[in-house]
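The residues making up each chain are set out below.
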There are 2 protein chains.
Amino acid sequence: MKPYSQLTKQELAAKREALVAQYEDFKRRGLKLNMTRGVPSLEQLALSSGILTCLGKDDYTAENGIDCRNYGVLDGIPEMKRIFADILELDPSEVIVGGNSSLSLMFDNISSNMSHGVRDGTPWSLQGKVKFLCPAPGYDRHFTTCDYFHIEMIPIEMTPDGPDMDTVERLVAADAMIKGMWCVPVFSNPTGAVYSDETVRRIAALKPAAPDFRLYWDNAYAIHQFSGGKRLIPNIVRECEKAGNEHMPLVFTSFSKVTFSGAAVSCMASSRSNCEFIKKRLSAQTIGPDKLRQLAHVRFLGDAQGVYAHMRKHAEILAPKFQLVGETLSARLGGLGVAEWSTPQGGYFVSFNSLPGCARRIAALCNEAGVALTPAGATYPHGKDPNDSNLRIAPTAPPIDELRTAMDVFCTAVLLASAEKLLGE
Amino acid sequence: MKPYSQLTKQELAAKREALVAQYEDFKRRGLKLNMTRGVPSLEQLALSSGILTCLGKDDYTAENGIDCRNYGVLDGIPEMKRIFADILELDPSEVIVGGNSSLSLMFDNISSNMSHGVRDGTPWSLQGKVKFLCPAPGYDRHFTTCDYFHIEMIPIEMTPDGPDMDTVERLVAADAMIKGMWCVPVFSNPTGAVYSDETVRRIAALKPAAPDFRLYWDNAYAIHQFSGGKRLIPNIVRECEKAGNEHMPLVFTSFSKVTFSGAAVSCMASSRSNCEFIKKRLSAQTIGPDKLRQLAHVRFLGDAQGVYAHMRKHAEILAPKFQLVGETLSARLGGLGVAEWSTPQGGYFVSFNSLPGCARRIAALCNEAGVALTPAGATYPHGKDPNDSNLRIAPTAPPIDELRTAMDVFCTAVLLASAEKLLGE
């Protein structure tokens, strides 16, 4: 097939006409398909149904004798801390177990730094306009948190190896108001990129002008590789220690995409001394997280090995969906010069780049035909993609037959929008 | 028996000698009894063991079809909102269901008002030194939250009808930096006082100088009456509406002392429009609370009537403990003029006032004899009781035999400290 850019106006107009007909066909089918968010499918949720029933009437005691039904324990029961520590290759004393949402741990940490400063230092909010480095495309909810706290977001280009480190190094060394950087180091949302070893080490060795610069290391997909097992990257906490930045990294992860998105357990990890500071705040904030939810996870998953075994079942469900997405995109868009997309080895998303100026049109066409997509632009700070080109495909939730149809609609929309664009419409 | 103040020095010295012997006897027994916190006993926790097993493998769908295992729903599933709304006599649209800790809802609301202002108004932190009215003795964790946010605490005298309203009215009308007031309106921690109808109405009709003044109405013991049922006080949300203060009250409650303190469900309630503002923040903060925990509560408790029936079982366990405390105090301290104490009809605490200057000594004597008490002073802002007189007795956790011994030790300590005091030691 010829690239669209080499077609004559007449050829393009003929294509467009055929595509409109195809598109109208889809519209008439009254579809209702959803690819907006990285949500587990029913089939995935069913993998964890045992967690609903794994605690018996008399099963409420943690290994240290703590009654999980009663008050107490700020940072998690020992066996839950150990599972997270094993997965993150850290010591349990470097781990704090939270409630069901790691997002709220990140939000709260930023809130704390804004109002009370890092490690009791000067509150960020009293130092001037706080800025964060935001590798983009990235996770929209990270950007929402920055927006909420009036933090200026500096987009950083994402490469297949992670953020553009030359720019990152230059900026953090030059500007003491750059206080943070978002990272999704493994199967990054949405590009699927895994940070290279070199990228991780360069991040760990950053020389920020701000002594209170913090790395928000959201390792949400640490164990979400389609081939099973976990994707190994250098241990950010240890690398930061080696580089003399031991208090810089704040690691977050959760079991929202391991067991139940609506009822899992989250965790943050950092230097032991950072954990002590965080626990001081926690001790004013709460009497403790839901310990029975932790105990049920321990009973159901066993240990880190049990978690990896469980994740292989997720991988068996997810791999074919991502394969279908890749195959459909290749079959229908390959060689036409109208798009590029990622081929992730894990995670929840495929990142898609259309011709510049087409993404919003593609999303609108999809929505009109009953295929809901994440809003175009959502993967950039303030929802503004400078090229209007990036779209996030979230193929996990729909059953595979629906996904096939949704991707067909998507490709038709891409081709139609591209033809319109090239015709100068 | 003669009041201690009418004893001669010699009589007092003889008393003291006998008490020291009694006290040393207790010490030799190597006791380990705990009356520090308002914690449910094992017997109470067992009442809710059904909640551990009430969800079946296929039981995860809320009445509106929401899959409680998956992401979504910021403010709670409808049936859980309805239970809280019924208990608080509000509409479900005035209720937001949280995680397991109402304390963290209060903390977060204050954090939000400090950094982002009330209803998007000027942040409290930018207006000057924020002040809160703190009826005292009161709940130490409320004071800890104020401390954490550097909020100046103004103690307000507690009467059997609630806070001294003449002072409250005068202060809030005069000072626009008074932004909040803590209230535990039913079975107040620690005095056990229930605010009178007049007090509630005067609070609702306050005319604060600060347009962004907020009432932190911690109704933790709304349904914790020893005779069963709930203690009716005027509905603060409706009373505030009538008085033109519809956005002033923020109501908090939880099931921490209904089901499991470590794994229950909390709630806040306010005007519909306040709830919308709070949900805006929530939508940046989290993808939603643990909905399976909510569903399990709904399955186990049924509805508000089911909650009241469940609370009668708690009352049957708690009433005899509070009766024992009252009887022991009367039998050993009655008529001696060395102490006063509350006789609450519900809640978790007995408030005890010794002769001025004796509370810390009593707590130290108890601790040394193996009876742990809430630190003296904890019921006052900054942990400083101006009279060094108030102690909080928390009789719920120990089994009744242990409680009897603990109260015996306590009374001996009170008498010994009083004798020492009157002897000028």
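Residues numbered from 1 in each chain as written. Chains lettered and ligands numbered in written order. Predicted model: local features only at pLDDT ≥ 70, side-chain atom pairs only at ≥ 80, totals over all residues.

A. Up close: the interface of chain A and chain B. At the junction of the two partners, chain A supplies 41 residues and chain B supplies 42 residues. Secondary structure elements with two or more residues in the side of chain A that touches chain B: helix 4 (102-116), helix 5 (140-148), helix 9 (272-285) and helix 10 (291-301) of chain A. By residue class, the composition of the side of chain A that touches chain B is 18 nonpolar, 17 polar and six charged. (Contact = placed C-beta atoms within 7 Å. Helix = DSSP H or I, 4+ residues; strand = E, 2+ residues; numbered from the N terminus. Nonpolar A, V, L, I, M, F, W, Y, C, P; charged D, E, K, R; others polar.)

B. Representation of unusual backbone geometry. With an omega dihedral of 5°, the bond running from Asn 189 of chain A to Pro 190 of chain A counts as a cis peptide bond. Here Pro 190 of chain A shows up in the loop between strand 6 (178-183) and helix 7 (197-204). Cis geometry marks the peptide bond from Ala 136 of chain B to Pro 137 of chain B; its omega dihedral reads 5°. Within the secondary structure, Pro 137 of chain B sits in the loop between strand 3 (131-136) and helix 5 (140-148). Notably, His 382 of chain A is not glycine yet its phi reads approximately 60°, a positive angle.

C. Spotlight on the packing of helix 3 (residues 78-88) of chain B against helix 10 (residues 291-301) of chain B. All names here are of chain B. Following both chains from N to C, one finds helix 3 and helix 10 inclined at 60°, their axes separated by 9 Å at the closest point. As the angle between them shows, helix 3 and helix 10 are arranged oblique. Helix 3 and helix 10 meet at a crossing whose hand is left-handed. Of the residues in helix 10, those in contact with Glu 79, Met 80 and Ile 83 of helix 3 are Gln 294, His 297, Val 298 and Leu 301. Here the residues of the contact of helix 3 with helix 10 are counted per class, giving four nonpolar, two polar and one charged. (Axes fitted to C-alpha atoms, helices over the stretch in contact; angles between N-to-C directions. Parallel < 35°, antiparallel > 145°, perpendicular 65-115°, else oblique. Left-handed = near helix turned anticlockwise from the far one by under 90°.)

D. Examining the sheet that holds strand 5 (residues 162-163) of chain B more closely. Residue and element names in this part refer to chain B. What the eight strands build is an open sheet, ordered 2-9-8-7-6-3-4-5; its pairing is mixed. The outermost strands of the open sheet, each flanked by one partner alone, are strand 2 (95-97) and strand 5. Sheet topology places strand 3 next to strand 6 (residues 178-183); three bridges connect them, and they run parallel. Along strand 6, the bridge assignment pairs Phe 132 with Gly 180. Along the sheet face, helix 6 (residues 165-174) touches strand 3, strand 4 (152-159), strand 5 and strand 6 and points at about 150° away from the line of strand 4. (Pairing = 2+ DSSP bridges.)

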